[in-house]
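In case you want the letters, here they are:
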Amino acid sequence: MTGQLILLRHGQSTANAGGTFTGLLDVPLTPEGERQAVRAAELLRANGITPTIVVTSTLQRAVRTADLVTHELRMPQQATKRWELNERNYGALTGQSKTAARAALGEVEFTRVRRSLTGRPPTMSLRNWWALRHTPALRGLPRRAVRRTESLADVVKRVRPLYETDLLPVVLGGATVLVVAHGNSLRALCACIDDLTEKEVADLNLPTGQPLRYRVGEGDTLRPRGGEYLDRTADDAAALVAAEGGT
């Protein structure tokens, strides 16, 4: 049996709907986000895909999405939570509206921080960092799991060992792995899978609730490059994300 890796960005969250930088804030899904999760499960079923392994972040918007998918598919197993898949920490921008952040930073710096590999947001205060570390979704995690700010390159560094050690070997062994995570942790994962250039990373936008499939190809690589969405309308949804400024 040919292994598959399915990447799924969680359904729409309340912060997505409100246009704020979410990062490690543990916000819930909206009703639309819950519907997106169910539709994602329907797409998996329609394509004959039943995951054998489900991995998610520790944040409730991803966990809830995974729970809805597994319930809809009548799967008995629980998702494995991995902090490495948590969303990027947006530092001092966490909880700010994207409109306010753009006005404060200026267009060039806002774009660099948001879309480039190396741009880091301003560091969050020690008080906010301490409070964040002690939220239920992040409490007890290693210190390196909750930094005071992160670039996308920092997220790639924490995602890569998980991909190379835990995900890729089981996919090459024939398993179908569903990863439910976040816009930036999945961008980081795609950077590892496809060896993306900086421009490709900057241009990559992943819409909520749209399963993206990779299959094992020649030479133990995952193909096609860039993956393939199960829903033909997903490219239009990705274009809308880009029009709003990106994932």
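Heads up: these notes are all about the structure in this document.

Cut-off values and rules
- Residues numbered from 1 in each chain as written.
- Predicted model: local features only at pLDDT ≥ 70, side-chain atom pairs only at ≥ 80, totals over all residues.
- Heavy atoms only, no water.
- Helix = DSSP H or I, 4+ residues; strand = E, 2+ residues; numbered from the N terminus.
- Contact = heavy atoms within 4.5 Å.
- Lys, Arg positive; Asp, Glu negative; His and termini not counted.
- Charge placed at Lys NZ, Arg CZ, Asp CG, Glu CD.
- Expected span 1.5 Å × (residues − 1).
- Buried < 20%, exposed > 50% of the residue type's maximum accessible area, 1.4 Å probe, protein only.
- Salt bridge = Lys/Arg side-chain N within 4 Å of Asp/Glu carboxyl O.
- Axes fitted to C-alpha atoms, helices over the stretch in contact; angles between N-to-C directions.
- Parallel < 35°, antiparallel > 145°, perpendicular 65-115°, else oblique.
- Left-handed = near helix turned anticlockwise from the far one by under 90°.
- Nonpolar A, V, L, I, M, F, W, Y, C, P; charged D, E, K, R; others polar.
- Bend = angle between axes of the 7 residues up to and from the residue.
- Polar contact = N/O pair within 3.5 Å; in protein donor to acceptor, adjacent residues only side chain to side chain.
- Pairing = 2+ DSSP bridges.

**A word on the overall build of the chain**
The secondary structure content of the chain amounts to 10 helices and 6 strands. Its C-alpha atoms put the chain at 50 × 35 × 35 Å along the principal axes. In the chain, once contacts between residues fewer than 6 apart in sequence are set aside, the share between residues at least 24 apart is 76%. Across the chain, the centroid of the 33 positively charged side chains sits 7 Å from that of the 26 negatively charged ones.

**A word on helix H3 (residues 60–72)**
For H3, with 13 residues, the first-to-last C-alpha span of 18 Å sits near the 18 Å given by 1.5 Å per residue. For H3, the set of buried residues is Arg61, Ala62, Val63, Thr65, Ala66, Leu68, Val69 and Thr70. Those residues of H3 hidden inside the fold are in contact with strand S1 (4–9), helix H2 (31–46), strand S2 (53–56), strand S3 (80–81) and strand S4 (176–181). Of the residues flanking the end of H3, it is Arg74, one or two places downstream, whose phi is positive at about 55°.

**Section: the pattern of salt bridges**
Applying the stated criterion across every chain yields a total of 15 salt bridges. Glu107 is paired through a salt bridge with Arg102; the nearest N and O atoms lie 3.0 Å apart. On the basis of relative accessible area, Glu107 is assigned to the partly exposed category, the value being 46%. Judged by relative accessible area, which is 30%, Arg102 ranks as partly exposed. One continuous salt-bridge network, built from bridges that share partners, spans Glu32, Arg35 and Arg39.

**Some details on the packing of helix H7 (residues 152–172) against helix H8 (residues 183–194)**
When two helices pack together, their arrangement is given by the angle between the helix axes and by the axis-to-axis distance. Axis separation between H7 and H8 bottoms out at 8 Å; the angle between their running directions is 60°. Classified by the angle between their axes, H7 and H8 sit oblique to one another. When you trace H7 past H8, the crossing you get is right-handed. Residue-level contacts link Leu152, Val155, Val156, Val159, Arg160, Tyr163 and Leu167 of H7 to Asn184, Ser185, Arg187, Ala188, Leu189, Ala191, Cys192 and Ile193 of H8. Class assignment for the residues of the contact of H7 with H8 results in 11 nonpolar, 2 polar and 2 charged.

**Considering H7**
For H7, the principal kink sits at Tyr163 and spans about 45°. Taken together, the buried positions of H7 are Leu152, Asp154, Val155, Val156, Arg158, Val159, Leu162, Tyr163, Leu167, Leu168 and Val171. A side-chain oxygen of the first residue of H7 lies 3.3 Å from the backbone nitrogen of Ala153; this N-cap is Ser151. Taken from the residues just after H7, Gly174 is the one with a positive phi, measuring 110°.

**Structural notes on the packing of helix H4 (residues 98–105) against helix H5 (residues 107–115)**
Following both chains from N to C, one finds H4 and H5 inclined at 120°, their axes separated by 6 Å at the closest point. With respect to H5, the element H4 is oriented oblique. Viewed along their axes, H4 and H5 form a crossing whose handedness is right-handed. On H5, the residues touching Lys98, Ala101, Arg102 and Leu105 of H4 are Glu107, Glu109, Phe110 and Arg114. Its residues assigned to classes, the contact of H4 with H5 shows 3 nonpolar, no polar and 5 charged.

**Points about the sheet that holds strand S6 (residues 222–229)**
The 6 strands are arranged S3-S2-S4-S1-S5-S6 in an open sheet whose pairing can be described as mixed. Both outer strands of the open sheet, S3 and S6, are each paired with one neighbouring strand and no more. As paired strands, S2 and S4 are joined by 4 bridges and run parallel to one another. Directly across from Thr56, in S4, lies its bridge partner Val180. Of the strands in this sheet, S1, S2, S4, strand S5 (212–216) and S6 touch H7, which is tilted by about 140° from S4.

**Examining the environment of Leu8**
Structurally, Leu8 is set in strand S1. C-alpha of Leu8 to C-alpha of Thr65: the two residues are 57 residues apart in sequence and 9.0 Å apart in space. Look past the residues within four positions of Leu8 in its chain and what remains in contact with it is Ala40, Thr65, Val69, Leu178, Val179, Val180, Ala181, Leu186, Gly209, Gln210 and Pro211.

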